[in-house]
Amino acid sequence: MGEFTDVALGFPTALFSFSLLVVAGYWTLVLLGGLGVDLLGAGADADTGAGAGAEDGFAAERLAPLGLGGVPATVALSVLVGLAWFVSLAGSALLDGAAARALLLPVALAAAWAGTRAVVLPLRHVFQDRAETSLRDFVGLPCVIRTGRVGPDFGQAEVTAPDGSSAIVQVRQPAMDVPVAGAAAGAGLTAGSTALIFDLDPDGRFFWVMPHDTAPGLR
């Protein structure tokens, strides 16, 4: 036990040991319900931009270029820290000397990245399927446009879910519905105007919207 503690608190394992304690504390609170986190929903939001928590979205943006996107940032970071700690711990137990342990740090990080990427790849499909299902709950709801215009290639809107939570989502208006220049004022979707979400594009991860007043079957 004493040798284990020495290795866990020695360089470079100590760098990951404290991070692992934070990860363990976080998931303990999640399991106890103290953070009120919807694990599956968190990842979906981070990737689609619908209802993402600020912290998760910030971390997810930085993990995506590393090939670790598509799942909740908390999941990717937890696996990354856990693997880095394990590799560092095993390497420290096998290697002696300051130089060898200094080289162990980049090796542990590289191995953790490769391992996390291998874990993330199959999980990504699970979270994306859940994300699409969750996003379809917005179809049929009114939303408020938050950009200066909405067109076939641009636009954002705020939508409020039945549970009272709100999200900023990407929206698009079909080209045939976009007023041409010189059309009557108020015919287009601009900031503050109300629209109806009538469909989801799962590949583009945006919603098709139409002016609220012309939308049939409001719910």
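None of the values given here were measured: they were computed from a predicted structure.

(A) Representation of the pairing of strand β2 (residues 156-160). Side chains Ala157 and Val159 of β2 all project onto a buried face; the interleaved residues Gln156, Glu158 and Thr160 project onto a face where none is buried. Sheet topology places strand β1 (residues 142-145) next to β2; three bridges connect them, and they run antiparallel. In the strand pairing of β2, Val144 is matched with Glu158. Bridge count for β2 against strand β3 (residues 166-172) is five bridges, and the pairing is antiparallel. Within β3, the position partnered with Val159 by the bridge is Ala167. Hairpin remark: β2 followed by β3, antiparallel, with five residues in the connecting loop; positive phi at Gly164, about 95°.

(B) Representation of the pattern of salt bridges. The final tally for this structure, using the stated rule, is two salt bridges. Measuring nitrogen to oxygen at the nearest pair gives 2.8 Å for the salt bridge that ties Glu158 to Arg146. With a gap of twelve residues between them, Glu158 in strand β2 and Arg146 in the loop between β1 and β2 connect regions that are remote in the sequence. Of the residues examined, Glu158 reaches a relative accessible area of 25% and is grouped as partly exposed. Residue Asp153 pairs with Arg149 through a salt bridge whose shortest N-O separation is 4.0 Å.

(C) Highlighting the environment of Ser17. Mapped onto the secondary structure, Ser17 falls in helix α2 (residues 13-31). Separated by 68 residues in sequence, Ser17 and Trp85 place their C-alpha atoms 6.3 Å apart. Not counting residues up to four positions away in its chain, the partners in contact with Ser17 are Ala8 and Trp85. A polar contact of 3.0 Å, which involves the side chain of Ser17, links it to the side chain of Trp85.

(D) Structural view of unusual backbone geometry. A cis geometry characterises the amide bond from Phe11 onward to Pro12, with omega recorded as 0°. Structurally, the position occupied by Pro12 is in the loop between α1 (2-8) and α2. Notably, Arg205 is not glycine yet its phi reads approximately 55°, a positive angle. Relative to the assigned elements, Arg205 resides in the loop between β4 (194-201) and β5 (206-211). What makes Arg205 partly exposed here is its relative accessible area of 25%.

(E) View of the nonpolar core. If you look at the biggest cluster of nonpolar residues, it comprises 18 residues, and the most contacted ones within it are Phe138, Val171, Phe207 and Val209. Counting only elements with at least two residues in this core, the list comes to β1, β2, β3, β4 and β5. Core analysis: the second largest hydrophobic core is formed by nine residues, Ala59, Ala73, Val120 and Phe127 among them.

(F) Fine view of the sheet that holds β3. In spatial order, the strands read β1-β2-β3-β5-β4; together these five strands close into a barrel with mixed pairing. Looking at each pair of strands side by side, their axes are set apart by 55° on average, direction ignored.

(G) Region of interest: the packing of helix α5 (residues 73-94) against helix α6 (residues 98-135). Following both chains from N to C, one finds α5 and α6 inclined at 140°, their axes separated by 8 Å at the closest point. With respect to their mutual orientation, α5 and α6 come out oblique. In the crossing of α5 with α6, the sense of the turn from one axis to the other is right-handed. Contacts from Val75, Ala76, Val79, Leu80, Leu83, Ala84, Val87, Ser88, Gly91 and Ser92 in α5 reach Arg101, Leu104, Ala108, Ala111, Ala112, Trp113, Gly115, Thr116, Val119 and Leu123 in α6. Looking at the contact of α5 with α6 residue by residue, the classes come out as 14 nonpolar, five polar and one charged.

The rules we used
Residues numbered from 1 in each chain as written. Predicted model: local features only at pLDDT ≥ 70, side-chain atom pairs only at ≥ 80, totals over all residues. Heavy atoms only, no water. Buried < 20%, exposed > 50% of the residue type's maximum accessible area, 1.4 Å probe, protein only. Helix = DSSP H or I, 4+ residues; strand = E, 2+ residues; numbered from the N terminus. Pairing = 2+ DSSP bridges. Salt bridge = Lys/Arg side-chain N within 4 Å of Asp/Glu carboxyl O. Contact = heavy atoms within 4.5 Å. Polar contact = N/O pair within 3.5 Å; in protein donor to acceptor, adjacent residues only side chain to side chain. Core = buried A, V, L, I, M, F, W, Y, C linked by side-chain atoms within 4.5 Å. Axes fitted to C-alpha atoms, helices over the stretch in contact; angles between N-to-C directions. Parallel < 35°, antiparallel > 145°, perpendicular 65-115°, else oblique. Left-handed = near helix turned anticlockwise from the far one by under 90°. Nonpolar A, V, L, I, M, F, W, Y, C, P; charged D, E, K, R; others polar.

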